[in-house]
Amino acid sequence: MKIIGLTDSEAAESREKFGSNRLSEAESESFWDKLRENLSDPMIKILSAALLINVIIYFLGLTGVVSTETEWYEPAGIAAAIAIASLVSTFSEYKNENAFRALQEEASRILCKVYRNGEIREISVDDIVSGDYIMLGAGDKIPADGIIYEGSIKTDQSVLNGESKEASKRPRPENAPLPDKNDLLSEYRVFRGTVVCSGTAVMIAETVGDRTLYGEIAGELRQEDDRESPLKLKLTRLAESISKFGYIGGVAIAAALLIHKILMAGSFGAYFASGAAAIITDLLDALILAVIIIVMAVPEGLPLMIAIVSAMNMRKMLADNVLVRRISGIETAGSLNILFSDKTGTITKGQLEAVVFADGMGNEYRSMEDIPPSLRELLSLCISENSTAVMSGGKAVGGNATERAVLNFLGEHTSDISVKRLFTLPFNSDNKYSASSIEASSSEGTAFRGTLIKGAPEKLIPLCGHYYDSDGKRLPFDSGVIEALINSLAERAIRVIALAVSDSVLTEDSVGLPDGEYVLCGILGIRDEVRPESAAAIKEVMDAGVQVVMITGDRIDTASAIARESGLLTGSENELTLTSAQLAELSDKELGERLKDIRVIARALPSDKSRLVRIAAELDLVAGMTGDGVNDSPALKKADVGFAMGGGTEVAKEASDIVILDDNFSSIDKAVLYGRTIFNSIRKFIIFQLTINVSAVAVSFIAPLLGMDNPLSITQILWVNLVMDTLAALAFGSEPALSRYMREKPKSRREPIVNPYMKTEIITGAAWVVILSLFFLLTGIDTSDGTLKENGFIGRFFRGPEYLFTGYFSFFIFAAVANAFNARTEKLNLFDNIGRNKGFLRVMGIIALVQVIMTYLGSSVLGCYGLDMKEWTVILIMALSVIPVDIIRKLIIKHKNRRQGI
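What you see is a predicted model, and the numbers here were worked out from it, not measured in a lab. (Residues numbered from 1 in each chain as written. Predicted model: local features only at pLDDT ≥ 70, side-chain atom pairs only at ≥ 80, totals over all residues. Heavy atoms only, no water.)

### Examining the overall build of the chain
Then, number 1: Regarding its fold elements, the chain presents 30 helices and 26 strands.
Then, number 2: Evaluated residue by residue, the chain yields a buried proportion of 54% over its 902 residues.
Then, number 3: Considering only contacts in the chain between residues 6 or more positions apart, those separated by 24 or more positions represent 72%.
Then, number 4: Looking at the chain as shown, the accessible area adds up to about 38,700 Å², and 56% of this sits on carbon and sulfur atoms. (Helix = DSSP H or I, 4+ residues; strand = E, 2+ residues; numbered from the N terminus. Buried < 20%, exposed > 50% of the residue type's maximum accessible area, 1.4 Å probe, protein only. Contact = heavy atoms within 4.5 Å. Areas by Shrake-Rupley, 256 points an atom, 1.4 Å probe, with all protein chains shown as cover.)

### A short note on the nonpolar core
Then, number 1: Among the nonpolar cores identified, the biggest contains 119 residues, and Phe643, Phe732 and Met844 are the most heavily contacted of them.
Then, number 2: Tallying contributions element by element places helix α23 (residues 665–705) first for this core, with 18 residues.
Then, number 3: Leaving out residues up to four positions away in the same chain, phenylalanine 732 has contacts with Met305, Ser681, Lys684, Phe685, Phe688, Ala820, Ala823, Arg824, Phe840 and Met844.
Then, number 4: In this structure, Ile371, Leu378, Ala396 and Ile526 belong to the second largest nonpolar core, which totals 30 residues. (Core = buried A, V, L, I, M, F, W, Y, C linked by side-chain atoms within 4.5 Å.)

### Side note on the sheet that holds strand β25 (residues 641–645)
Then, number 1: Spatial strand order, β8-β26-β25-β24-β9-β21-β23-β22: 8 strands in an open sheet with mixed pairing. A single partner strand is all that each edge strand has here, and the edge strands are β8 (322–324) and β22 (576–579). Looking at each pair of strands side by side, their axes are set apart by 20 degrees on average, direction ignored.
Then, number 2: Bridging between β22 and strand β23 (residues 598–602) involves 4 bridges; their strand directions are parallel. In the sheet register, leucine 576 faces β23, and the bridge partner there is isoleucine 598.
Then, number 3: Its contacts with the sheet put α23 on β8, β9 (338–342), β21 (547–551), β24 (623–627), β25 and β26 (658–660), and the angle it makes with β9 is roughly 160 degrees. (Pairing = 2+ DSSP bridges. Axes fitted to C-alpha atoms, helices over the stretch in contact; angles between N-to-C directions.)

### Quick notes on unusual backbone geometry
Then, number 1: A positive phi angle, near 65 degrees, is found at alanine 493, a position not held by glycine.
Then, number 2: Relative to the elements of secondary structure, alanine 493 occurs in the loop between α15 (479–490) and β19 (495–502).
Then, number 3: In this structure alanine 493 comes out as buried when scored by relative accessible area, which is 10%.
Then, number 4: Positive phi values are uncommon outside glycine, yet asparagine 833 reaches one of about 60 degrees.
Then, number 5: With respect to the element layout, asparagine 833 can be found in the loop between α26 (801–823) and α27 (838–857).

Spelled out as structure tokens, the structure:
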């Protein structure tokens, strides 16, 4: 009966009644939404508070309420730090999100053939409506949920249920009950997002858009909340610690300044006798200094540095086929403790390949070139003339994946014999074979007349009494050798297809295979090959301390074979390989206890992935999950970092943090490396900045107690804070990704960002700068009257107190520059990999050059005076002494670690 389909008016009425087939998109964050989110960063909040206080004090100074040295460029500098850091992060995320949206838009441009007004039209998938009659063929992605009207097809429903087995679909008989609309096991129902593997059919669309099973799962994902990233938790705790340090330091220094004023007056009575105006002025000065110290304690450059290093690494990752949708994703990838990875297409190539041919004696051949000519000619005939796939452009097209894999084995070795097909019997899952009766002719006459059979070895091998040897001769066949080989191949995850020949010919009246004896041509081994780079990438990730668990719908023996070949299973007695059924038998407590030993989950269900992620979260592990199907999306969303495959569904990519564009496990390896690079760069910058901040706060606190004014003026403190913070962020933001980061242990979610090693470096560096500062000042200035100690160790090198204080200011800057080289590497060689971050040398050079210039030209701003060569020599020698002191610290730690076997 001719199919008419809907008329245009009926289609419009259906769309009005049942809705569009367009899926609702997850609400995309605008540029301003992303900016607002980045402004909520804990470090940005501290900077914003500091900015507000600075602005208030600045305007109080302008109105004459307080006498203050705060200049306009201090609040302007903090505002610039906030703006640059937030905008860099926002632009990076926004740019990558736009690239992601373009990918999603491209993926959704699918055209479907439908019956409208009695004719076949090609329309967009979004224009499908309930009631449409849609033509389906091999390779088509089904555009809506519905039922088969006519024809029969096999579909791949793995995107919805994770089951790799092809599902047969056919029209529903009139007396059969109507299946549930979400029954994936139904023979009559087809579902949006699934793919037609073979056959042709016409379906009737019943459910469209968000009401499809595919749409419902996507809708549920949009309602789930994201978990805070490990880095954000660490930075929040760091911000709290820095705030406490700044507040305590600020109050202590303000108190110290007032005590100094009282000591200078001689007594409490004398001080209070100076008058209320003088006391109020001193109190306001103390308050201003306290605020400046609080600002000094805050690493203004840290948000900027994080933004820069993230943006730079996001660009590098995109070049390596890794699209980062959320900056938190790349940061979190570096902290992974456990990674749940798909097998198909990630660890393996994701496509079937014929990898070996064996003759009746068990002789193995890896390619057609290796097979002797006579046997090769026969094999070419058996494959090419009994296949639903055809060669086009040098590769097999049509048929199912197995047919294409078998035909691709031939390559260019097709038979030159003229062949006439007499009758064909297509493959079906019940018979487990296909057959083709042919008549092959050469110039010398009929070369062969008979039937070519291809199918399951358990079906064909028992029927074979002979086999073809390497010369094409028929010899008696002993199946024992081949059966042993088949078992051996099964252990390597290779499934086998048998190829045989019969002298009998099929006719239209034939039922099943022809009678008579069969001659075995050989067996062909097929498998989804492990990617060549997967084993090395998996080893590197595992060596990095990340537990990798392969999740697959395959049988346990196939899964185990792939796991062994890829290096996931190493032969350790603690390694566990479980099926989904075995996993279901374990309670959550038992699963939690055994999780550390699990390497493979076979016959996995989508619910297994979500459960594993949940258990990992309860154990406080940082979990990653890969996936490509709609069924994977809940687990991708719940994981700390979700890796969606570029060839996967739009819903999976929407739920992910990172999209692996080439579907390759080695790209996940790179994501982990880049994530660790970001984290290590942040730690290096924190060492650098906190060393400066701690030493500045300590000197500002101790100096008044020793009877001295603060050796750094407020303007100089602000100069240190602004120039060193901002420029150093650029220097540390360009640190290269080093392979040795992959040998570090994963960082715990609860591990503080400032670890014991960093504390020793910060304390050692800050303490040495403080010691040198006190030595510099106490041997250079007479604390009783503020004059130069001409006979003091330092004083004798300077021409006056103003030159000495200029020298101290320069010493502080150059000590910070020298310490930057200590901070950027844990190696004794301070120039380790410096060639891969030449920007670091440029930035440090600029800081040093600007400081020298400001010494001569910045008298009005910074209160500096030009120094002579003798004064510069003293300054540089003292500043550079920071380097050998830290080298000694590194040697002590290295010796200690060696003794402890670390």
